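Survey of secondary and tertiary structure
Letter by letter, the chains look like this.
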Amino acid sequence: MPISLCTVQGDHSAPAPESLAYSLTLPAALRSPAIARAATRTVLVAHGLGALVDPAEQAVGELVAVACRFTPAAKVYLSLRHRDRALRVIVYDGHPRHTNLRLAAACDTRRRASLRLLGCVVRACEGDWGFGEAREPGGGTRMWAVLPCGGTSAWWHQASEPG
């Protein structure tokens, strides 16, 4: 029997929270938030982070929807990472920072208002969120949310409270 010189490389262990690192480029289209939410659910369940699914789906959907609304480009970029016992969601869109201060302030106000629900979700999970100029080549805007793994108990408590 011949001996193969090609060895199979890679990590063959089951996905764990610490190995969660995914990136997705999506069209700037109406269907993209739903695709991003479905991918997020699949990834979190596979990595044993099912408790984060509901708030993460909401956060991802909000961020991708706003990115698709604001970008002049044909695509947006989604990144999901798990670090320091928290899910880090980053979305990039091609909307550049305005050089005119009044336009920049008006645009920031519009974006912040569009992310109002995201702010509620992240606060309920005791996390953090924001947006600013993308530091990557090509510019644009970087939006992000951090959802701590332990913060989901606060999410569920607030979500289950009546009215």
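Residues numbered from 1 in each chain as written. Predicted model: local features only at pLDDT ≥ 70, side-chain atom pairs only at ≥ 80, totals over all residues. Heavy atoms only, no water.

1. Regarding the overall build of the chain
Here is the rule: Put simply, DSSP marks the helices as runs of H or I at least four residues long and the strands as runs of E at least two long, and each gets a number from the N terminus on. Remark: exposure states derive from per-residue accessible area (1.4 Å probe, protein chains only) relative to the maximum for the residue type, with buried under 20%, exposed over 50%, and partly exposed in between. Contacts: residue pairs with any heavy atoms within 4.5 Å of one another. The method behind every accessible area is Shrake-Rupley, applied with a 1.4 Å probe, and residues are considered shielded solely by the protein chains displayed.
Along the chain, the regular secondary structure elements total five helices and five strands. Scanning the chain from its N terminus toward the C terminus, one meets helices and strands in the order β-α-α-β-β-α-α-β-β-α. Put simply, the chain has 163 residues, and 41% of those count as buried. Here the contacts in the chain between residues at least 6 apart in sequence split such that 64% fall between residues at least 24 apart. Carbon together with sulfur atoms contributes 57% to the accessible area of the chain, which is approximately 9600 Å² in total.

2. Quick look at the sheet that holds strand E3 (residues 86-93)
Selection rule: Following DSSP output, two strands are said to pair if at least two bridges run between them. Here the axes come from fitting lines to C-alpha atoms, over the contacting stretch only for helices, and the angles between their N-to-C directions go from 0 to 180 degrees.
Taken together, five strands build an open sheet; the order of strands is E1-E2-E3-E5-E4 and the sheet is antiparallel. Each edge of the sheet is formed by a strand with only one pairing partner; in this case those strands are strand E1 (21-27) and strand E4 (128-133). Direction aside, the axes of adjacent strands within the sheet are offset by 15° on average. Both E1 and strand E2 (residues 75-83) contribute to a ladder of seven bridges, which runs antiparallel. Each bridged residue has a counterpart across the sheet, and for Leu 26 the counterpart in E2 is Val 76. Packing against the sheet, helix H3 (residues 101-114) makes contact with E3, E4 and strand E5 (141-148), and its axis sits at approximately 150° to E4.

3. Things to note about the environment of Leu 63
Relative to the helices and strands, Leu 63 is located in helix H2 (residues 53-70). Leu 63 sits 55 residues away from Leu 118 along the chain, and the two C-alpha atoms are 7.6 Å apart.

4. Side note on the packing of aromatic side chains
For any two aromatic rings, the description comes down to two numbers: the centre-to-centre distance and the angle of the planes. This is how it is decided: Two rings belonging to Phe, Tyr or Trp (six-membered ring only in the last case) form a pair when the distance between their centres is within 6.5 Å. Interplanar angles under 30 degrees mark stacking, angles over 60 mark edge-to-face geometry, and anything in between is tilted. A ring is scored as having a charge over it whenever the NZ atom of a lysine or the CZ atom of an arginine sits within 6 Å of its centre and within 35 degrees of its normal.
Summed over the entire model, instances satisfying the criterion amount to one aromatic pair. Ring centres 5.6 Å apart and planes at 45° place the aromatic pair Tyr 77 and Tyr 92 in the tilted group. One end of the pair, Tyr 77, is in strand E2; the other, Tyr 92, is in strand E3, and 15 residues separate them in sequence. Using a relative accessible area of 17% as the deciding quantity, one classes Tyr 92 as buried. Above the ring of Phe 70, the side-chain terminus of Arg 111 is found at 4.4 Å from the ring centroid.

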